Amino acid sequence: MTLSHDVSGNGPAVVLLHSSVCDRRMWDPQWPVLAAAGYRVVRCDFRGFGDSPVADRPYGDAADVLDLLDHLGIERAALVGSSYGGKVALDVAAARPAAVTALALLCSAQPGHTPGPALRSFAEREDALFEAGDLTAAVELNVATWLGPEAGDEARERVRRMQRHAFEVQLTAEFAPAEARVDLARIEAPCLAVSGAHDLPDFREIAAHLAARIPGARHQELPWAGHLPNLERPSAVTDLLTSFLRETAPGT
């Protein structure tokens, strides 16, 4: 199955990978700007999100992204990943190092990470609400947890719509993505690991850890941000991404 996706612009490829709280629509603020900056921009929905159906067999999200790149004839691309999308980007960059020109990770998850107390508590509450069928409360838990104090009503409503849709689609899911062992030392691409000062401790620690583990990587913390900074201050994050890509993978 080819993931549902959009393609816009011309130039070096940039692939946008969404958070598991959202779908590819989370990149609406960055999508046109990156295309106008001289990039061929691809955004996709993982299985069970947006327009991509749930899986009917075992699968891996990184393998799906690599299949999509092959389908589009893209041999090299910069990857921009938010949260779970950052984890997938790390999987891809470790599996096919020469194919990734740059990594921009926004509040990224990490393969093999053991959740801390705050993240475990969130997951337990979400699971209980989901199993009880109270999707409205589960959605509101996600909105409250993942958006920082700078997020306005529009951002909250965006997340609310995307998370609700994902929950409704995933009610029928039989398979979860396979968890792969990832060797971060295999990653060759320059990396920017961004964290938010108002995010859960796990993701702040992961960003610092990635900057220490990936050669040439750097860590930048946004003092105003929660977990989804590209929706909280869209223009600031668009400028940050554009600047990083100009340094590492200049557009046409």
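(A) Inspection of helix α4 (residues 117-131) at higher detail. Over its 15 residues, α4 runs 21 Å from end to end, which matches the ideal 21 Å to within 8%, given 1.5 Å per residue. Residues of α4 that are buried: L119, F122 and E126. Around the axis of α4, the buried residues are gathered within 60° of arc, so they sit on the same side. Of the residues in α4, the exposed ones pointing more than 90 degrees away from the buried face are P117, E124 and E131. Immediately downstream of α4, the backbone of G133 shows phi near 80°, a positive value.

(B) Structural context of the pattern of salt bridges. In this structure the tally under the stated criterion is 19 salt bridges. Its salt-bridge partner being D51, residue R24 comes within 3.4 Å of it at the nearest N-O pair. Placement of R24 in the loop between β2 (13-17) and α1 (31-36) and of D51 in the loop between β3 (40-44) and α2 (61-72) is noted, with a sequence separation of 27 residues between them. Given a relative accessible area of 53%, D51 falls into the exposed group. We note a salt bridge from R158 to D28, for which the minimum N-O separation is 3.4 Å. Within this pair, whereas R158 is found in helix α6 (residues 153-170), its partner D28 is found in the loop between β2 and α1, the two being separated by 130 residues in sequence. Several salt bridges converge on common partners, so that one network encompasses D6, R24, D28, R43, D45, D51, E154 and R158.

(C) Spotlight on the packing of helix α5 (residues 135-146) against α6. Between α5 and α6, the shortest axis-to-axis distance is 9 Å and the interhelical angle comes to 135°. By the angle between their axes, α5 is oblique relative to α6. The hand of the α5/α6 crossing is right-handed. Contact residues: L135, T136, A138, V139, E140, N142 and V143 in α5; R156, V159, R160, Q163, R164, F167 and E168 in α6. Considering only residue class, the contact of α5 with α6 consists of six nonpolar, three polar and five charged.

Criteria and thresholds
Residues numbered from 1 in each chain as written. Predicted model: local features only at pLDDT ≥ 70, side-chain atom pairs only at ≥ 80, totals over all residues. Heavy atoms only, no water. Helix = DSSP H or I, 4+ residues; strand = E, 2+ residues; numbered from the N terminus. Expected span 1.5 Å × (residues − 1). Buried < 20%, exposed > 50% of the residue type's maximum accessible area, 1.4 Å probe, protein only. Arc of directions from axis to C-beta. Salt bridge = Lys/Arg side-chain N within 4 Å of Asp/Glu carboxyl O. Axes fitted to C-alpha atoms, helices over the stretch in contact; angles between N-to-C directions. Parallel < 35°, antiparallel > 145°, perpendicular 65-115°, else oblique. Left-handed = near helix turned anticlockwise from the far one by under 90°. Contact = heavy atoms within 4.5 Å. Nonpolar A, V, L, I, M, F, W, Y, C, P; charged D, E, K, R; others polar.

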